[in-house]
2 protein chains.
Amino acid sequence: MSDQQAAPTRLNIRRRGLVLILASPSGAGKSTISRQLVQEFPSVKLSVSVTTRQRRPSEIDGKHYHFISKDRFTRLRDGGELLEYAEVHGNNYATPLEPVEAALDRGDDMLFDIDWQGTMQVYEKLRTPERNDVASIFILPPSMAELRSRLERRAEDKPEVIARRLVNARTEIAQWEKFDYVIVNDDLDGAYQEVRSILLAERLKRARRVGLNPLVDDLLGTTL
Amino acid sequence: MSDQQAAPTRLNIRRRGLVLILASPSGAGKSTISRQLVQEFPSVKLSVSVTTRQRRPSEIDGKHYHFISKDRFTRLRDGGELLEYAEVHGNNYATPLEPVEAALDRGDDMLFDIDWQGTMQVYEKLRTPERNDVASIFILPPSMAELRSRLERRAEDKPEVIARRLVNARTEIAQWEKFDYVIVNDDLDGAYQEVRSILLAERLKRARRVGLNPLVDDLLGTTL
């Protein structure tokens, strides 16, 4: 289902979906922007990862993660069924390939919240000579001072966790050149508009607009 | 000079300009969209071609074209000073390279109204392993019937000229796959919004945002 961006009389051109990667250091605004994107665009779906870690009481299986066993993870990985995977504190996190391919085939976009290492794995599978099904955006904070105060204002973490997030932020920011687009989140509304423009533009890339082929055939076949 | 797209407090990130190619068959809406783009964005400049044909009374040298001699054209071409050139009805038309490079260096975008052959030449010079300074958009009409009635409504051409434009339209449309983005102009406002999103997104490509390097250096250099 496509999103109506203009007057309802506009031609509905069938399209292939894309994977949109939003990456940023913790606190740079990625989650807020993701939420707004999913809210505005029904055909943008949040990717739900699988994980081998224990479910927390507040989490719902299938919503926050698909909680799976270590054995199942190993089978998925060894069977080539994972688009990307990582290990964090001894637990595995991964994106299964099949739901992504299905989404792209039916014209839905999949929003990924992953780091630079996950992004490199996604490029390997979805960006080849035969296909380019991914676009990646890195969101920078305007300054480290601003990043720190956002983390403190969120009041979600203890001071030592915030300190660690700031150290990790450097590691993530150092990989900024691996991303297609880079935006600075100095103003949330402005940053959201930028991400929105990128999504809309990427949807207009010729190779994704599979419904144009019949339209062009009609144009070229029409008796003048 | 960059265009203010959001609250004036936003960081002004220095950027490299891009060449934005708008191509379409005559009557598909390219001129209207170009005019709106130049009006909305002060840093989008219309590229002024050189030509060896005679100036028409209504035309102004330096505004519609730079009118030059055949000798000068030959010298420019043989000296490698042309970004692209074509011959139409025995006259030469071309885009000099130097003003384009200057615009890109200072962060202005250059809007090109050229056909697919000109586009291929621009790719050759501006899209290499070392640089990607161009984005191209093809504008399709929603149908040939609609294209015909727009040309008739414009009342600019005699019936035989319209007939020839429709034949040429087919030749242009047949090359649609050479363009990065393709939009259908079934609704002018919607089509303009699409071109606008593409311009904004292309400006956010990491490689063009040269002002991010000092920002990232600051972020990575800040004592936490």
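Procedures and definitions
- Residues numbered from 1 in each chain as written.
- Chains lettered and ligands numbered in written order.
- Predicted model: local features only at pLDDT ≥ 70, side-chain atom pairs only at ≥ 80, totals over all residues.
- Heavy atoms only, no water.
- Helix = DSSP H or I, 4+ residues; strand = E, 2+ residues; numbered from the N terminus.
- Buried < 20%, exposed > 50% of the residue type's maximum accessible area, 1.4 Å probe, protein only.
- Contact = heavy atoms within 4.5 Å.
- Areas by Shrake-Rupley, 256 points an atom, 1.4 Å probe, with all protein chains shown as cover.
- Lys, Arg positive; Asp, Glu negative; His and termini not counted.
- Charge placed at Lys NZ, Arg CZ, Asp CG, Glu CD.
- Pairing = 2+ DSSP bridges.
- Least-squares fit on C-alpha atoms with pLDDT ≥ 70 in both.
- Axes fitted to C-alpha atoms, helices over the stretch in contact; angles between N-to-C directions.
- Salt bridge = Lys/Arg side-chain N within 4 Å of Asp/Glu carboxyl O.

1. Here's the deal with the overall build of chain A
No. 1: Scanning chain A from N- to C-terminus turns up eight helices and nine strands.
No. 2: Taken along its principal axes, the extent of the C-alpha atoms in chain A is 70 × 45 × 35 Å.
No. 3: For chain A, with 224 residues in total, the buried portion stands at 49%.
No. 4: For chain A, restricting intrachain contacts to residue pairs at least 6 apart in sequence, the fraction spanning at least 24 positions comes to 68%.
No. 5: Total accessible area on chain A is roughly 11100 Å²; 49% of this is exposed by carbon and sulfur atoms.
No. 6: For chain A, the centre of its 34 positive side-chain charges and the centre of its 34 negative side-chain charges are spaced 2 Å apart.

2. Comments concerning unusual backbone geometry
No. 1: Here His89 of chain A, not a glycine, exhibits a phi torsion of approximately 50°, which is positive.
No. 2: Inspection of the secondary structure assignment puts His89 of chain A in the loop between β5 (82-88) and β6 (91-96).

3. Description of the pairing of strand β8 (residues 134-140) of chain B
All names here are of chain B.
No. 1: Most of β8 sits inside the fold, with seven of its seven residues counted as buried.
No. 2: Burial along β8 is two-sided: Val134, Ser136, Phe138 and Leu140 facing one way and Ala135, Ile137 and Ile139 facing the other are all buried.
No. 3: Two elements, strand β1 (residues 19-23) and β8, share five bridges in a ladder whose sense is parallel. Directly across from Leu22, in β8, lies its bridge partner Ile137.

4. Things to note about the relation of the copies chain B and chain A
No. 1: Mapping chain B onto chain A calls for a rotation angle of 180° and an axial translation of 0.0 Å; the resulting RMSD is 0.0 Å. Seen this way, the second copy is the image of the first under a two-fold rotation axis. Every residue of chain B has its C-alpha some distance from the rotation axis, and the shortest such distance is that of Ser197 of chain B, at 2.4 Å.
No. 2: Both copies share a contact surface, since 100% of the interface residues of chain B are interface residues in chain A too.

5. Some thoughts on the sheet that holds strand β9 (residues 181-184) of chain A
Residue and element names in this part refer to chain A.
No. 1: Sheet architecture is open: five strands sit in the order β2-β7-β1-β8-β9, paired in parallel fashion. A single partner strand is all that each edge strand has here, and the edge strands are β2 (44-46) and β9. On average, each strand axis in the sheet is inclined to that of its neighbour by 25°, with strand direction left out of account.
No. 2: Where strand β1 (residues 19-23) meets strand β7 (residues 109-112), three bridges bridge the pair, whose relative direction is parallel.

6. Considering the sheet that holds β8 of chain B
All names here are of chain B.
No. 1: Strand order in the open sheet formed by five strands is β2-β7-β1-β8-β9, and the pairing between neighbours is parallel. Two strands in the sheet have a free side with no partner beyond their single neighbour: β2 (44-46) and β9 (181-184). Ignoring strand direction, the axes of neighbouring strands in this sheet form an average angle of 25°.
No. 2: One ladder, built from four bridges, connects β8 with β9; its direction is parallel. Bridged to Leu140 within β9 is Val184.
No. 3: On the sheet, helix α1 (residues 30-40) packs against β1, β2, β7 (109-112) and β8 and is oriented at approximately 150° with respect to β1.

7. Quick look at the pattern of salt bridges
No. 1: A full pass over the atoms with the stated rule returns 36 salt bridges over all chains.
No. 2: Of the charged contacts, one joins Asp108 of chain A and Arg106 of chain A as a salt bridge, the two residues approaching to 2.8 Å between their closest N and O atoms.
No. 3: In this structure, Asp113 of chain B and Lys30 of chain B form a salt bridge, with 2.9 Å as the shortest nitrogen-oxygen distance. With Asp113 of chain B in the loop between β7 and α4 (116-126) and Lys30 of chain B in helix α1, this residue pair connects regions lying 83 residues apart in the sequence.
No. 4: Among the residues examined, Lys30 of chain B registers a relative accessible area of 14% and is labelled buried.
No. 5: In the salt-bridge network here, residues are joined through shared partners; they are Arg16, Glu101, Asp105, Arg131 and Asp133 of chain A.

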